[in-house]
Amino acid sequence: MSPKLHTPFQKTSISLGILTLLPLLMNSPLTQAATVPAGTTLPIDGTTPVQSWQLENNAILNATNATTLEMTSSAGGLINLTGSNVSAAAGSGIFLTNASAVLDSSTVTSAAGIGISAVRSPASVGGSSVTLRNGSVAQGLTGGIAGNRFSVISLQNSTAVGTGANSFGIRMLEGSLSATGSTITGGLNGVTVGTDTQVTAVIPTKIVLDGTRVEGQTGSALVVGINAPNFPTVADIEVRNRSTLVAGNNTLLEVRQGASAGFLVDNSDLTGNVTVVSGSSANVTLQNNASLTGDLQNVTTAVLNNQARMTGNVLGASSVTLDNGSTLTGNLNDVATVTINNQSVMTGDVNASANSASSLTLDNAATLTGQVNNVANFAINNQALWQMTGSQSVNNLSLGNGGTVGFGTPQQYFQLNVANLSGNGTFRMGTDFNQGLSDLLNVTGSASGNHQLLVTSSGLDPVNDSPIKVVQSVASGAQYGLVNNRVDVGAFIYRLVKKGDDWFLQPDKTVVSTPTRAALAIAGTAPTAIYGEMVLLNNRMGDLRVNGGQTGGWVRSFGSQYSISNNAYGNGYKQRQYGLSMGVDTPVQIAGERVLLGVFAGYSKSDLDLSRGSSGEIGSTSLGLYGTWLGDSGYYLDTVAKLNHFRNKADVMLSDNTKTKGSYNNLGASASVEFGKHIEFADGYYIEPFTQWQAASVQGKDFRLDNGLSVDADTTRSMLGKAGVTVGRGMKLADGSVLQPHVRVAAVHEFVKTNEVRVNDNKFNNDLSGTRFEVAAGASWTLNDRWQLHAELDTSKGDNVTKDFGVNMGAHYRF
């Protein structure tokens, strides 16, 4: 049964009737509308005739699976649509005056007007509200939804569409719009914002787009300021959580004359421009991994925060700020204040207006790569970097706490003219030592502070020793120094010297460069590695002499540290070696004498701490023979012959804090002969005076570091002579095992004084000759007739080579 129709007014006052009927006449002839009386609730469904509806004050219409024509509601009315369809031939599909509409899986369409209009009575407080959810649609030829002052529009997984060529998706006049997981599309513009023309105080329109797509098919995605300029418009717009804006004219946000907008983009990727006409304002913020590909034109402020990204130009702004790992690729033109902070990165030019009081600040490891023009005050602080892309001039330049200016890349040489320099910073410069070319810092006015120059190193020797100017100044107030106090150039270094008020790089051939130190160390370390491995064999043969022998196998490990103090290495270096050997030996009779013969194989690794951040590594694989003879009168003779394969690597930190590397393989051969006498005393004591001779020869090699440094090492030779005595005692323990502690003292002398290494054709001599004294203490423990354990500690002190400590231990099993 259809509800009874009511005439909505008495014909007693034409003027009052017109005022009352004005919103209704915009939609449909009232003579065809069904009415929901004031304060009542009416349900309709699919069986209800298709007709128009009018809700009086505080009335409620609940439509389920219904189909209707246009609807209007007076103050306090509520239209609930579930699975329903509303169609209007003209005017609005739903017209609300201080009323509400809730659409759930429903559609409202206007063939000639606006899908849903949410307006207010000018004399009332508050506006209308519209909620679309669960795939609901509001569409109209003029626009999808229009909300006036105080209106509240909410879209949840729904759609608002303007179908006409000049339509909007949603129009807001001082209301609020929130859209989640929705789509808003206009034939011209997506969302437009204006001002209710019958107000004296403007209320900002609030728009929140969350996971929502807004599209202006031929115009802008968002437009703020659709009224005449004498009606100012204010809008706060938030674009969140992977929302997208699409514009036919490539303008995401258009701020027209007399309007003001706040535009926040959070965790969304946008492509297009933001344009603001002269006299209007827009504060743009990209944050939380948001990105914008496009230009910002005439904005008031632009802020990129929390890893935000922008590719495009800022064409006019009061301030631009990059913070917390954000990036900008593009130019800044006519920007008054620029701040790049907290590891943020900008690639592009900063162009301030001529004669402006502009400022640019880089702070906390931020980076700017580009030109800086017409900036009055430029500050670089706290490990921030300005990487120049060409020669130029700046006015006031202040550096602090590691702030750095980088000149050109290799083979680019720029000049930086600074009117006034202050603070304490670093200038990263390139120099061609062969051609005498270099970046140049030219201070034309005042200069103060202490500054460091980080000059690019080179592996090539200079053609001549002429000084190279790197700082030119008319004032003497500033002091300059080199990072790491040197520049590595080929085999030697350069120093920084002052001449007048200018500063020059000048060669110093009394100090070798860092890569030269590394090359000499690698070339001279092999004999030390060989002798470190020999300790295992010498100890093994000592055990054989004391305990007799029968066929057996053994395994031993060792570790040691050497300090090399040869002047060729500057501060010297440390060698840490560790390794493992294993072998087998058996007694044989030769000419009636008892001789023990054995074979062994081993591996060791030496790590070189070359200081200044440089290191080396030598991997050694060895294979050899050994034998020991013990005469009846106590005399003995030990012999070892060994071959080594070395794998050498150098990892060098240069003076400019870059690295260079090099590697090569070579072979080595060594032999050892020890002669002494084993003298026994009462109670198991014994003494062994001895002399030992060791010789090593390591193959010379040519190699090159990747910075161009050339190294040619001759064959490295060593001849060690040693004389000493071992004292020990064999003690039988209660369990039947035998413990044999011992101590050893000896004097060692290196006889070879000449081992030539050529670095870039400069000759150096690895002279490790000299005398050192060693002390060792250890013990062997024979557990039974098959197992024996061994351990020893030793140290030595010498002229050029000191063994800080050595330790080895092992086990022997008799078959």
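Residues numbered from 1 in each chain as written. Predicted model: local features only at pLDDT ≥ 70, side-chain atom pairs only at ≥ 80, totals over all residues. Heavy atoms only, no water.

- As annotated in an unreviewed UniProt entry, the protein chain carries the name Autotransporter outer membrane beta-barrel domain-containing protein and comes from Pseudomonas aphyarum.

**Considerations on the confidence of the model for the protein chain**
Stage number 1. Overall, the prediction assigns the protein chain a mean pLDDT of 90, with 93% of residues at 70 or greater.
Stage number 2. Residue range residues 1-31 is modelled with pLDDT below 50. Its contacts to residues more than four positions away, or to other chains, number 30 contacts. (pLDDT = per-residue confidence, 0-100. Contact = heavy atoms within 4.5 Å.)

**Structural notes on the sheet that holds strand β67 (residues 702-704)**
Stage number 1. Pairing is antiparallel across the open sheet formed by 4 strands, whose spatial order is β67-β68-β72-β73. One side of each edge strand has no neighbouring strand; the edge strands of this open sheet are β67 and β73 (762-765). In this sheet, adjacent strand axes meet at a mean angle of 20 degrees when their direction is disregarded.
Stage number 2. The sheet contact formed by strand β68 (residues 710-713) and strand β72 (residues 756-759) spans 3 bridges and is antiparallel. For Asp 712, the partnering residue across the bridge sits in β72 and is Arg 758. (Pairing = 2+ DSSP bridges. Helix = DSSP H or I, 4+ residues; strand = E, 2+ residues; numbered from the N terminus. Axes fitted to C-alpha atoms, helices over the stretch in contact; angles between N-to-C directions.)

**Quick notes on the side chain of Asp 502**
Stage number 1. In this fold, Asp 502 is placed in strand β58 (residues 502-512).
Stage number 2. Separated by 3.0 Å, the side chain of Asp 502 and the backbone nitrogen of Ser 473 make a polar contact.
Stage number 3. The residues touching Asp 502, leaving out its near neighbours within four places in the chain, are Lys 469, Val 471, Gln 472, Ser 473 and Val 497. (Polar contact = N/O pair within 3.5 Å; in protein donor to acceptor, adjacent residues only side chain to side chain.)

**Describing empty space enclosed by the protein**
Stage number 1. For the structure shown, the criterion picks out 6 cavities of 30 Å³ or more.
Stage number 2. Roughly 70 Å³ of volume is contained in the second largest cavity.
Stage number 3. Among the elements of the structure, α2 (514-547), β63 (635-653) and β64 (659-677) are those that each provide at least two residues to the lining of the second largest cavity.
Stage number 4. The greatest single-element share of the lining of the second largest cavity, amounting to 3 residues, is contributed by α2.
Stage number 5. Of the residues contributing to the lining of the second largest cavity, the split by class is 7 nonpolar, 5 polar and 2 charged. (1 Å grid on protein atoms, 1.4 Å probe; cavity = no way out; pocket = protein on both sides within 12 Å on 5 of 7 lines; lining within 4 Å. Points joined across faces, edges and corners; volume = space filled by probe spheres on them. Nonpolar A, V, L, I, M, F, W, Y, C, P; charged D, E, K, R; others polar.)

**Quick notes on the nonpolar core**
Stage number 1. Grouped together as the largest cluster of nonpolar side chains are 119 residues, with contacts concentrated most on Ile 94, Phe 263, Trp 386, Leu 397, Leu 416 and Phe 427.
Stage number 2. Those residues in contact with Leu 397 that sit more than four places away from it in its chain are Phe 378, Ile 380, Val 405, Leu 416, Val 418, Asn 420, Leu 421, Ser 422 and Phe 427.
Stage number 3. Of all hydrophobic cores here, the second largest spans 28 residues; its members include Ala 518, Ile 564, Leu 610 and Leu 709. (Core = buried A, V, L, I, M, F, W, Y, C linked by side-chain atoms within 4.5 Å. Buried < 20%, exposed > 50% of the residue type's maximum accessible area, 1.4 Å probe, protein only.)

**With respect to the packing of aromatic side chains**
Stage number 1. In total, this model carries 12 aromatic pairs according to the counting rule given.
Stage number 2. Note on Phe 433 and Tyr 494: the rings are 4.7 Å apart at their centroids and 50 degrees apart in plane angle, and the pair reads as tilted. With Phe 433 in the loop between β50 (431-432) and β51 (437-438) and Tyr 494 in strand β57 (residues 492-499), this pair connects stretches of sequence that are 61 residues apart. The same class applies to Phe 433 as to Tyr 494, namely buried.
Stage number 3. Here the aromatic rings of Trp 693 and Phe 751 are separated by 5.8 Å at their centres, their planes lie at 25 degrees, and the arrangement is stacked. Of this pair, Trp 693 sits in strand β66 (residues 685-698) while Phe 751 sits in the loop between β71 (738-750) and β72, placing them 58 residues apart in sequence.
Stage number 4. What makes Trp 693 partly exposed here is its relative accessible area of 42%.
Stage number 5. Taken together, the ring pairs connect Trp 554, Phe 600 and Tyr 626 into an aromatic cluster.
Stage number 6. Over the ring of Phe 504 we find Lys 499; its NZ or CZ atom is 5.3 Å from the centre of that ring. (Phe/Tyr/Trp six-rings, centres within 6.5 Å; stacked < 30°, edge-to-face > 60°. Lys NZ or Arg CZ within 6 Å of the ring centre and 35° of its normal.)

**Some words on the side chain of Ser 769**
Stage number 1. Relative to the helices and strands, Ser 769 resides in the loop between β73 and β74 (770-782).
Stage number 2. Residue Ser 769 is classed as buried on the basis of its relative accessible area of 13%.
Stage number 3. A polar contact is formed between the side chain of Ser 769 and the side chain of Asp 767, at a distance of 2.6 Å.
Stage number 4. Not counting residues up to four positions away in its chain, the partners in contact with Ser 769 are Glu 750, Val 752, Lys 753 and Asn 800.

**A look at the sheet that holds strand β45 (residues 385-387)**
Stage number 1. With parallel pairing, 11 strands are arranged side by side in an open sheet as β29-β32-β35-β37-β39-β42-β45-β47-β49-β53-β55. Looking at the sheet topology across the chains shown, the edges are occupied by β29 (269-271) and β55 (479-482). Each adjacent strand pair in this sheet contributes to an overall mean axis angle of 10 degrees, direction not counted.
Stage number 2. Here β45 pairs with strand β47 (residues 404-406) via 3 bridges, running parallel. In the strand pairing of β47, Leu 385 is matched with Thr 404.

**A short note on the environment of Gln 217**
Stage number 1. You can see Gln 217 is positioned in the loop between β23 (213-216) and β24 (222-224).
Stage number 2. Residue class for Gln 217 comes out partly exposed when judged on its relative accessible area of 45%.
Stage number 3. As for Gln 217 and Phe 504, which are separated by 287 residues in sequence, their C-alpha atoms are 64 Å apart.
Stage number 4. The contact partners of Gln 217, leaving out residues within four places of it in the chain, are Thr 185, Gly 186, Gly 187, Leu 188 and Gly 248.

**Overview of the layout of surface pockets**
Empty pockets left among the atoms are what a rolling probe the size of a water molecule brings to light.
Stage number 1. In this structure, the second largest pocket occupies an estimated 530 Å³ of space.
Stage number 2. Taken together, 26 residues form the lining of the second largest pocket, with Pro 410, Gly 430, Thr 431, Thr 456 and Ser 457 sitting closest to its centre.
Stage number 3. Secondary-structure elements contributing two or more residues to the lining of the second largest pocket are β49 (426-429) and β50.
Stage number 4. For the lining of the second largest pocket, the residue count by class is 8 nonpolar, 14 polar and 4 charged.

**Looking at the environment of Met 71**
Stage number 1. You can see Met 71 is positioned in strand β6 (residues 71-73).
Stage number 2. Linking Met 71 and Lys 763, residues 692 residues apart in sequence, is a C-alpha distance of 101 Å.
Stage number 3. In this structure Met 71 touches Trp 53, Leu 61, Ile 79, Leu 81, Val 86, Gly 93, Ile 94 and Phe 95, once residues within four positions along its chain are discounted.

**Some words on the pairing of strand β4 (residues 60-64)**
Stage number 1. Here β4 shows a clear split, with Leu 61 and Ala 63 buried on one side and none of Ile 60, Asn 62 and Thr 64 buried on the other.
Stage number 2. As paired elements, strand β2 (residues 41-44) and β4 share 4 bridges and run parallel to each other. Counterpart to Pro 43 in the pairing with β4 is Asn 62.
Stage number 3. In the sheet, β4 pairs with strand β7 (residues 78-82) via 5 bridges, with the strands oriented parallel. Note that in β7 the partner of Asn 62 across the bridge is Asn 80.

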